[in-house]
Number of protein chains: 2
Amino acid sequence: MKLDEAKKQFIQTWGTLGSEWGINRTMAQVHALLLISSGALCTEDIMQELNVSRGNANMNLRELMNWTLINKELVPGDRKEYFVAEKDIWIIAKTIARERKRREIKPVLKVLNSLKEIEGDKKDKEIKAFTETVGNLSNFVDKMDKSVDMMLKADENWFFGAILKMIR
Amino acid sequence: MKLDEAKKQFIQTWGTLGSEWGINRTMAQVHALLLISSGALCTEDIMQELNVSRGNANMNLRELMNWTLINKELVPGDRKEYFVAEKDIWIIAKTIARERKRREIKPVLKVLNSLKEIEGDKKDKEIKAFTETVGNLSNFVDKMDKSVDMMLKADENWFFGAILKMIR
DNA sequence: TCAAACTTTCAATTATTTCTGAAAGTTAAA
DNA sequence: TTTAACTTTCAGAAATAATTGAAAGTTTGA
């Protein structure tokens, strides 16, 4: 396969995966493009490669910076901003895990905890079903949360080493 | 807090989380409703509780059955279909992991593998950047995939036990 | 200080996803 | 059979999310 065709397919695939996981398709595509580029790209480059407007490119670049998945890079003698993506997949994975945890899991945990105590007869079938499910869920999400914390502290080889050792 | 208010909040929260992770809000809400119900519910119940149309309720119930997160339940002497959700959070988590893996990760892995071989000068900067990123990514997704496989085979206590032991 | 180069904003538009509800389809008891 | 109870389908409507592009804002070098 030719490089250009492969790039297109990669960008397209990554964009689709992103939108299946609740990430704006274009944001995923911009990220994909930067991931496979050898050097830094400017807004203009991204507009051209992905056929998107200036506003769209700008907004998604900004968002990727909020996620700390990409960085600005200054080119001496040029006023334009250039962007590079972090290339280390382990760091990327940890960054995404950290961000989604912070933005999405933490708020849910807070709500779940606030729902553990319900007024009324503890023997009531409906109340029992509710508190039981909420309790189990809160418990489970807590454990998941702690597992992610561990992964965030770990080193890639150590982590996958330990995980894969568990299979044997 | 009163049960009714708590139920509403739970359903709302779960729906929001679902849509942040690429799952139809109503599907997540129907699932939430069944998760905290003590008994089986019929389509009519769900339409009322969630204020959705018959078509919508039906479609999302069917989809939840495709995910094997809920089951039909027959009530003797009643022609209506009733639905119950699997309540074991560990089983639910494994089911979701299995399904997303099958539907979303597997296809991506296939594409990534097909993109590993690129025509042209292996020393070329662009080609090198591309094959390196794709290679690393494919490698990483592979390891993730295997980790999920392990989790799918594991028992909850054993799994979290082993994971949490890794921290110490 | 000016103006060119560049970035950001945002109201309006477009695209995508989801939902509705009536009609068609199915099933089972009489 | 027939028919009433129930489920499924799907075209159009509504809701939501993403995108555009021109104007406003900012920065920098001369």
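Residues numbered from 1 in each chain as written. Chains lettered and ligands numbered in written order. Predicted model: local features only at pLDDT ≥ 70, side-chain atom pairs only at ≥ 80, totals over all residues. Heavy atoms only, no water.

Describe the pattern of salt bridges, listing the residues and the values that go with them.
Applying the stated criterion across every chain yields a total of 22 salt bridges over all chains. When the shortest N-O distance is used, the salt bridge between Glu44(A) and Arg54(A) registers 3.1 Å. In this pair, Glu44(A) sits in helix α3 (residues 43-50) while Arg54(A) sits in helix α4 (residues 54-66), placing the two residues ten residues apart along the sequence. Taking the relative accessible area as the measure of exposure, Glu44(A) reaches 37% and is therefore partly exposed. Note that Arg103(B) is salt-bridged to Glu63(B), the shortest N-O span being 3.7 Å. Note that Arg103(B) is positioned in helix α5 (residues 89-114) and Glu63(B) in helix α4 (residues 54-66), a separation of 40 residues in sequence. With relative accessibility at 28%, the residue Glu63(B) sits in the partly exposed group. Connected through salt bridges with shared partners, the residues Glu63(A), Glu99(A), Arg102(A) and Arg103(A) form a single ionic network. (Salt bridge = Lys/Arg side-chain N within 4 Å of Asp/Glu carboxyl O. Helix = DSSP H or I, 4+ residues; strand = E, 2+ residues; numbered from the N terminus. Buried < 20%, exposed > 50% of the residue type's maximum accessible area, 1.4 Å probe, protein only.)

Any details on helix α5 (residues 89-114) of chain A? Residues and values, ideally.
For α5(A), which comprises 26 residues, the first-to-last C-alpha distance of 36 Å matches the rise-based estimate of 38 Å (1.5 Å per residue) to within 8%. The sharpest bend along α5(A) measures roughly 40° and falls at Lys101(A). (Expected span 1.5 Å × (residues − 1). Bend = angle between axes of the 7 residues up to and from the residue.)

Before we move on, could you go through the interface of chain B and chain A and cite the residues and values that matter?
Listed as interface residues are 56 residues of chain B and, on the opposing side, 56 residues of chain A. Between chain B and chain A the total buried area reaches about 5,600 Å² when both faces are included, carbon and sulfur atoms providing 75% of it. Counting across the interface, chain B meets chain A through six salt bridges. Among the salt bridges present, the one from Glu126(B) reaches Lys7(A), with a minimum N-O distance of 3.4 Å. Where chain B touches chain A, the interface holds 14 residue pairs in polar contact (both at pLDDT 80 or more). (Contact = heavy atoms within 4.5 Å. Buried area = accessible area lost by both parts, 1.4 Å probe. Polar contact = N/O pair within 3.5 Å; in protein donor to acceptor, adjacent residues only side chain to side chain.)

Keep in mind these values describe shape, not function.
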